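# Examination of the molecular architecture
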Amino acid sequence: MESIQFSKVSLPMGRSVLLLQKEFSVATISVVIYLKCWENCGQLTTILLNDNNFEGSIPHQIFMSKWLRRIDLGYNSLPGEIPPEVSLCINLEYIGLYNNFLSGEVPSEMFSLPNLKFLYLNTNNLTGSLPDFPPSCGIFYLWIHENHFLGSLPRTLGNCYNLTTFIASYNNFEGVIPPETFKGLLQLEVLYIDENNLKGEIPDTFWSLENLQELILSGNKLNGTISERIAQCHQLVFIALSGNSLVGGIPQSIGNLTVHLSNLGFSITSLEEVSLQKFAISKILSLTGGIPSEIVHLKKLRFLSLAQNDFIGEVQFELRKNFPALVRLDLSGNRFNGSIPSRICAGGNFSVLALGNNRFTGSFPTDIGKCSSLRRVVLSNNLLQGPIPADLEENSGIFFLEVQGNLLEGKIPPVFGHWTNLSMLDFSRNRLSGSIPPELGKLENLQILRVSSNRLTGSIPSEFGHCKKIIKLDLSANYI
């Protein structure tokens with residue numbers, strides 16, 4: 001512990017700000033307040049003690065100033081409960097107690113402070129249920145995530161008509177989401193209530209929040225279907241519903257999620273992420289049906305994940321044409337069939353293609369060799385057949401290529417020895433024949449090579465001795 005020398009210091013008359021950001025490495029906060037505010041803390045309007053390593057409980061004297069408007073004690077090591085004296089600071093607009101070790105229940109009076117607009121209590125050990133919010137609630141930002149709050153979401157949260165951001169992820173909230181809780185929050189832009197124990201259907205009142213931009217409900221026990229009314233949230237840019245018990249199909253209206261600028265005569269599609277992924281280990285009901293054709297209207301779509309559901313049918317879109325901004329496509333763990341989407345390389349940022357565990361047919365997609373932005377390709381456990389083209393283009397970007405469990409035949413093309421970034425290459429459980437190309441020994445980054453359960457012959461190339469990073473080489477169940 002660093003030694004700190006203190007002497008009694010009096011704040012000059014009229015001092016309004018106590019600023020000690022990153023001034024101390026280790027100290028007890030009560031000592032600092034005692035020494036820095038010997039006489040005139042009653043005149044303080046701003047206290048910024050964030051980003052230090054203060055220890056010890058929060059002293060009640062820190063709230064002795066009735067003029068206090070802003071206090072930030074975030075990113076310290078403060079234990080104990082929040083002093084109830086905080087309710088005496090009726091002019092407080094900003095309270096930052098985030099990233100500490102605070103415990104116990106939040107003083108109910110804190111939410112009734114008449115001028116409070118910003119309340120950050122996230123990343124602590126706070127418990128209990130949320131108190132009722134007063135009819136005059138003026139909070140704009142409320143961050144309470146990563147705590148141990150429990151009980152139901154209070155209906156009176158709907159009194160905070162100016163609320164724009166509510167983040168309550170990673171708590172123990174439970175029960176059905178009361179429809180009236182969010183009915184009047186017409187200014188709400190960000191709503192995160194993921195990783196709780198909420199159940200029941202998604203309230204229709206969500207789809208009346210016309211300013212909603214980010215909606216994260218994943219990791220709960222929600223059931224029912226996704227309403228067609230989702231299109232009423234015209235400003236949505238991010239939606240995640242994974243890890244629930246939702247059933248049915250993707251609403252066709254999702255293609256109408258656009259920002260309409262009628263006076264200019266055109267529309268801009270702003271949805272950037274659709275995440276309907278359900279974790280396979282949960283073994284709960286799955287989303288079904290096909291991908292609605294309207295989804296191709298989402299020109300700014302960056303992430304599309306429909307993994308581990310029960311979708312069927314062909315994928316009838318071209319990635320480059322329909323999704324020029326796409327970064328990641330994950331359709332794994334469904335029952336899609338037909339050919340792999342054509343013109344794979346969408347724009348210049350497309351990096352992940354995950355199509356494993358479906359029923360895709362046709363030949364090995366040669367387009368992946370042309371896509372320099374690709375990093376990870378998973379085509380495993382499908383019905384791809386025929387030879388891998390010998391004239392496949394060199395690709396120095398892909399580091400993970402998994403194609404096991406298909407019906408591919410013929411030789412392994414030597415061109416893979418020029419895919420210089422490869423660290424994992426899996427062609428196991430196919431019908432490949434011939435010898436292992438010695439060119440694979442040029443892959444200096446190769447860590448895992450699996451070609452088991454094929455019809456390969458010949459010997460192990462001596463060039464593999466150059467693969468210094470290899471940790472697993474599986475050549476079993478061949479004729480080598």
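Residues numbered from 1 in each chain as written. Predicted model: local features only at pLDDT ≥ 70, side-chain atom pairs only at ≥ 80, totals over all residues. Heavy atoms only, no water.

### With respect to unusual backbone geometry
Here Asp51, not a glycine, exhibits a phi torsion of approximately 60°, which is positive. Residue position: Asp51 is located in the loop between strand E3 (46-48) and strand E4 (54-55). Judged by relative accessible area, Asp51 falls into the partly exposed class, the value being 32%. Even without being glycine, Asn99 reaches a positive phi, approximately 55°. (Helix = DSSP H or I, 4+ residues; strand = E, 2+ residues; numbered from the N terminus. Buried < 20%, exposed > 50% of the residue type's maximum accessible area, 1.4 Å probe, protein only.)

### Some remarks on the sheet that holds strand E8 (residues 101-105)
Pairing is parallel across the open sheet formed by three strands, whose spatial order is E6-E8-E10. Taken across any chain shown, the strands that pair with only one partner, and hence form the sheet edges, are strand E6 (79-80) and strand E10 (125-127). (Pairing = 2+ DSSP bridges.)

### A closer look at the packing of aromatic side chains
A ring pair, where both rings are aromatic, is described by two values, the distance of the centres and the angle of the planes. Considering all chains together, one arrives at 15 aromatic pairs under this definition. Ring centres 6.5 Å apart and planes at 20° place the aromatic pair Phe118 and Phe140 in the stacked group. Of this pair, Phe118 sits in strand E9 (residues 118-120) while Phe140 sits in the loop between E10 and strand E11 (141-143), and the two are 22 residues apart along the sequence. Take Phe140: its relative accessible area is 28%, and that puts it in the partly exposed class. Each member of the aromatic cluster is reached from another via a ring pair, and the members are Tyr94, Phe118, Tyr120, Phe140, Tyr141 and Trp143. For the cation-ring pair, Arg70 lies above Tyr94, with the distance from its terminal atom to the ring centre recorded as 4.0 Å. Sitting over the ring of Phe400, Arg376 keeps its end group 3.8 Å from the ring centre. (Phe/Tyr/Trp six-rings, centres within 6.5 Å; stacked < 30°, edge-to-face > 60°. Lys NZ or Arg CZ within 6 Å of the ring centre and 35° of its normal.)

### So, the sheet that holds strand E32 (residues 385-387)
Taken in spatial order, the four strands make up an open sheet running E32-E34-E36-E38, and their pairing is parallel. Strand pairing shows two members of the sheet lacking a second neighbour, E32 and strand E38 (455-457), which therefore form its edges. Strand-to-strand, the axes of this sheet are offset by a mean angle of 15°, without reference to chain direction. Taken together, the three bridges between strand E36 (residues 431-435) and E38 define a ladder with parallel strand orientation. By the bridge assignment, Ser435 is partnered in E38 with Thr457. (Axes fitted to C-alpha atoms, helices over the stretch in contact; angles between N-to-C directions.)

### Some words on the environment of Ile295
Residue placement: Ile295 occurs in the loop between strand E24 (288-289) and strand E25 (303-305). Among the residues examined, Ile295 registers a relative accessible area of 1% and is labelled buried. Measuring from C-alpha to C-alpha, the distance between Ile295 and Pro251 comes to 9.6 Å, with 44 residues separating the pair along the chain. Discounting residues that sit within four places of it in the chain, Ile295 has contacts with Leu304 and Phe323. (Contact = heavy atoms within 4.5 Å.)

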